[in-house]
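Chain by chain, the residues run as shown.
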Amino acid sequence: MAAVTPGVISPRRPVPASIPRPEYVDRPSPSPFTGEEVKDAETIEKMRVAGKLAAQARELVGAAVAPGVTTDELDRIGHEFLCDHGAYPSTLGYRGFPKSLCSSVNEVICHGIPDSTVVQDGDIVNIDITAFLDGVHGDTNATFFAGEPDEETRLLVERTKTALDRGIKAVKPGRRINIIGRVIEAYANRFGYGVVREFTGHGIGTHFHSGLVVPHYDDPNYDDEIRVGMTFTIEPMLNLGTHEWDMWDDDWTVVTKDLRRSAQFEHTLLVTADGAEVLTNP
């Protein structure tokens, strides 16, 4: 199986002037988050709308994942869908990222840049897409099969989805945020999978990334109390081999150090009185 290599990146896709941009677009970094992780009712309602739209974009792009498609074409589909619905693609211009979604193929863990790469039969492609709508972000991703995967790959993808589901079930008010990573890592360890550490879930709302960190491995240092009204993502990245990684010269694309495959799934969540509501279902 050939390793993924960088392709040609097409020119930046335009966004209609009528669509409001996040404040960070084409600035070196976002303004610092100073707000509250617990959101008010109005913000939560807006996040439901943005999250649902992002989920619809995820499924639309995912349905186009097939042998022969380029990752740039997948980006076009996601970009046009969000713009057609009045949303800004949150990744476009975020810290210089040049595209409207992340497309991570096979051993790419996360933050793959859509380009001229042609998807092959048996590949897996993670589509990570975020909608900025009415001043809030909805962030989600899923890993899709192109054609028929081998059994090892199929199981990795299915179990990564299960790991996310288990992480979501662990969310309860009064618990500490590290319960999520403890549950995910314990499940991944059953199969000998690597669990990526340096890329985590995060608080989200009016800011794409707030200060809250949601690790996917067991780390007692992350002991924020889970409170009703908090919104954050859980997005485990599980690897067939090592959890260690290298970064390409583009300063975005993260690949497994052993070039074995990696899968990821992500939802944006709202903490409720008895658990979590998924805001990124279509």
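As shown above, the structure is provided for reference.
The text that follows walks through the structure, step by step, so that each part is easy to find.

Things to note about the side chain of H207
- Position of H207 among the secondary structure elements: in the loop between strand 7 (201-202) and strand 8 (213-214).
- On the accessibility criterion, H207 (17% relative accessible area) is buried.
- Filtering out sequence-adjacent residues up to four positions away, H207 remains in contact with S31, P32, F33 and H137.

Side note on the packing of aromatic side chains
- Counted under the stated rule, the structure contains 7 aromatic pairs.
- Between the aromatic rings of Y24 and Y94, the centroid separation amounts to 4.9 Å while the plane-to-plane angle is 85°, which identifies the pairing as edge-to-face. Here Y24, found in the segment before helix 1 (41-63), pairs with Y94, found in the loop between strand 1 (88-89) and strand 2 (102-105); they are 70 residues apart in sequence, far enough to count as distant. Y94 shares its class with Y24; the two are buried.

Section: the sheet that holds strand 3 (residues 108-110)
- Pairing within the open sheet is antiparallel, and its 3 strands lie in the order 3-12-11. Because the sheet does not close on itself, it has two edges, and the strands there are strand 3 and strand 11 (245-247). Averaged over all pairs of adjacent strands, the angle between their axes in this sheet comes to 40°, without regard to strand direction.
- Relative to strand 12 (residues 254-256), strand 11 is paired through 3 bridges, and the arrangement is antiparallel. Pairing of M247 across the sheet is with V254, part of strand 12.

Rules behind the numbers
- Note on numbering: residues in each chain are counted from 1, in written sequence order.
- Side-chain atom pairs in this predicted model are given and counted only at pLDDT of 80 or more, local residue features only at pLDDT of at least 70, and totals for whole chains, interfaces and linings cover all residues.
- Hydrogens and waters are ignored; side-chain quantities use all the structure's heavy atoms.
- Segments assigned H or I by DSSP are reported as helices when at least four residues long, segments assigned E as strands when at least two residues long, and all are numbered from the N terminus.
- With a 1.4 Å probe rolled over the protein chains alone, any residue whose accessible area is under 20% of its type maximum counts as buried; one over 50% counts as exposed, and the rest are partly exposed.
- Contact between two residues is taken to exist if any of their heavy atoms lie within 4.5 Å; hydrogens are not considered.
- We call Phe, Tyr and Trp rings a pair once their centres come within 6.5 Å, taking the six-membered ring for Trp, and we label the pair stacked below 30 degrees between planes, edge-to-face above 60, and tilted otherwise.
- A pair of strands is considered paired only if DSSP assigns at least 2 bridges between the two.
- Helix axes are fitted to C-alpha atoms over the stretch in contact, other axes to C-alpha atoms as well, and angles between N-to-C directions run from 0 to 180 degrees.

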